[in-house]
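In case you want the letters, here they are:
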Amino acid sequence: MTVRLKDKVAIITGAASGIGKATAILFAQHGAKVVVADIDTQGGNQTVANIKESNNEAAFIHTDVTIKDNTEQMVEHTVRIYGKLDILLNNAGIAMRLPVADLSEADWHRCLNVNLHGVFLCSKAAIPAMKENDGGSIVNMSSIYGLVGADVRAAYVASKGAVTNLTRGMALDYAEDNIRVNCICPGFVETPLVAGVVRTPEEYQKLANKHPMRRLGQPDEIAYGALYLASDESAFVTGISLPIDGGYTAG
């Protein structure tokens, strides 16, 4: 196997489960030292244990991406134990299914706080460390709903649309610092988050049929996209929004 992240140090938020966990394990398999950042201590430590089973390096730090001190400590911890920071995957996020008239202000602010403000805080903390390291790669996890609209998801589509455009702005701001910023726009993926709302085979097939490939994605399929954007193979790639969605946004 070609080791694509040899000697790289990566932070992955929301890495206790789903896409974040799959990406943390894949990055470690490709030579990265991985810092697993999550509010789920048990799940985060399990991700670290899974990585270490293959004699790869990882550490867990409890991180609430909506709290500035937490995100700064996350980066400081990473640099302290591994000496630098090369990669940040802003993966932590929540889903919310409500139209505007039914959204409380608290729900609205919670969704934007995690999905958008968290990306801002983590990136703000990481960029100075990347500058000291002569560059790096930030990968933001957006969504198909960062590219197209959807019903009964007002706060979610607002947050993910903002992440997609924030990615472009950051890419322009930091290109001369050799910090690349890209985002991934997954379709529906078989994760615990999706499993919580898709409870029957009929519901699964209805959701799968929204994708021209007639199935949901797998966490590893998104992780390989993140691996490309995090690696030096994408050295001339910045500011893109990469759909990994079984054709969902092609129509």
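A brief report on the enclosed structure follows.

Within the chain, the secondary structure is distributed over 8 helices and 7 strands. Relative to its length of 251 residues, the chain is compact, with a C-alpha radius of gyration of 17 Å against a globular reference of 18 Å. Of all 251 residues assigned to the chain, the portion counted as buried reaches 50%. The contacts of the chain with a sequence gap of at least 6 include a subset with a gap of at least 24, amounting to 71%. In the form shown here, the chain has an accessible surface area of approximately 11700 Å², with 52% of it arising from carbon and sulfur atoms. Looking at charge distribution, the chain has the averaged site of its 22 positive side-chain charges lying 3 Å from that of its 27 negative ones.

A few words now on the pattern of salt bridges. Taken as a whole and assessed by the stated rule, the structure comprises 6 salt bridges. The partner of Lys8 in a salt bridge is Asp232, and the shortest N-O contact between them spans 3.3 Å. Taken together, the residues span a long stretch of sequence, with Lys8 in the segment before β1 (9–13) and Asp232 in the loop between α8 (219–230) and β7 (241–244) at a distance of 224 residues. In this structure, Glu221 engages Arg215 in a salt bridge whose closest nitrogen and oxygen atoms are separated by 2.8 Å.

This brings us to the side chain of Asn70. Relative to the elements of secondary structure, Asn70 occurs in helix α3 (residues 68–82). For Asn70, a relative accessible area of 16% puts it in the buried group. Beyond its immediate sequence surroundings of up to four residues, Asn70 is in contact with His62, Thr63 and Asp64.

Residues Leu5, Ile12, Ala24, Phe27, Val34, Val36 and Ile184 are the most contacted members of the largest nonpolar core, which totals 30 residues. Going through the elements one at a time, β1, α1 (18–29), β2 (33–38), α2 (41–52), β3 (58–62), β4 (87–90), β5 (136–141) and α8 are the ones with two or more residues in this core. Excluding anything up to four places from it in sequence, Leu5 contacts Phe27, His30, Gly31, Ala32, Ile87, Leu227, Ala230 and Ser231. Formed by 24 residues, the second largest nonpolar core is a distinct cluster that contains Ile11, Ala37, Ile138 and Ile179.

With that out of the way, let us pick up the sheet that holds β4. The strand order across the open sheet formed by 7 strands is β3-β2-β1-β4-β5-β6-β7, and the pairing between neighbours is parallel. Unpaired on one side and paired on the other, β3 and β7 mark the two borders of the sheet. Across the sheet, the axes of successive neighbouring strands diverge by a mean angle of 20 degrees, strand direction being ignored. In the sheet, strand β6 (residues 179–186) pairs with β7 via 4 bridges, with the strands oriented parallel.

The next point concerns the pairing of β1. With 5 of 5 residues buried, β1 lies mostly within the body of the structure. The alternating pattern of β1 places Val9, Ile11 and Thr13 and Ala10 and Ile12 on opposite faces, both of which are buried. Here 5 bridges tie β1 to β2, and the two strands are oriented parallel to one another. Within the sheet, the bridge partner assigned to Thr13 lies in β2 and is Ala37. Following the backbone out of β1, through α1 and into the adjacent parallel β2, one traces a crossover that is right-handed. Note that β1 and β4 share 3 bridges and pair parallel. Considered in β4, the bridge of Ile11 is made with Leu88.

Basis of the calculations
Residues numbered from 1 in each chain as written. Predicted model: local features only at pLDDT ≥ 70, side-chain atom pairs only at ≥ 80, totals over all residues. Heavy atoms only, no water. Helix = DSSP H or I, 4+ residues; strand = E, 2+ residues; numbered from the N terminus. Rg over C-alpha atoms; globule rule 2.2 N^0.38 Å. Buried < 20%, exposed > 50% of the residue type's maximum accessible area, 1.4 Å probe, protein only. Contact = heavy atoms within 4.5 Å. Areas by Shrake-Rupley, 256 points an atom, 1.4 Å probe, with all protein chains shown as cover. Lys, Arg positive; Asp, Glu negative; His and termini not counted. Charge placed at Lys NZ, Arg CZ, Asp CG, Glu CD. Salt bridge = Lys/Arg side-chain N within 4 Å of Asp/Glu carboxyl O. Core = buried A, V, L, I, M, F, W, Y, C linked by side-chain atoms within 4.5 Å. Pairing = 2+ DSSP bridges. Axes fitted to C-alpha atoms, helices over the stretch in contact; angles between N-to-C directions. Right-handed = clockwise from strand over helix to strand, strands pointing away.

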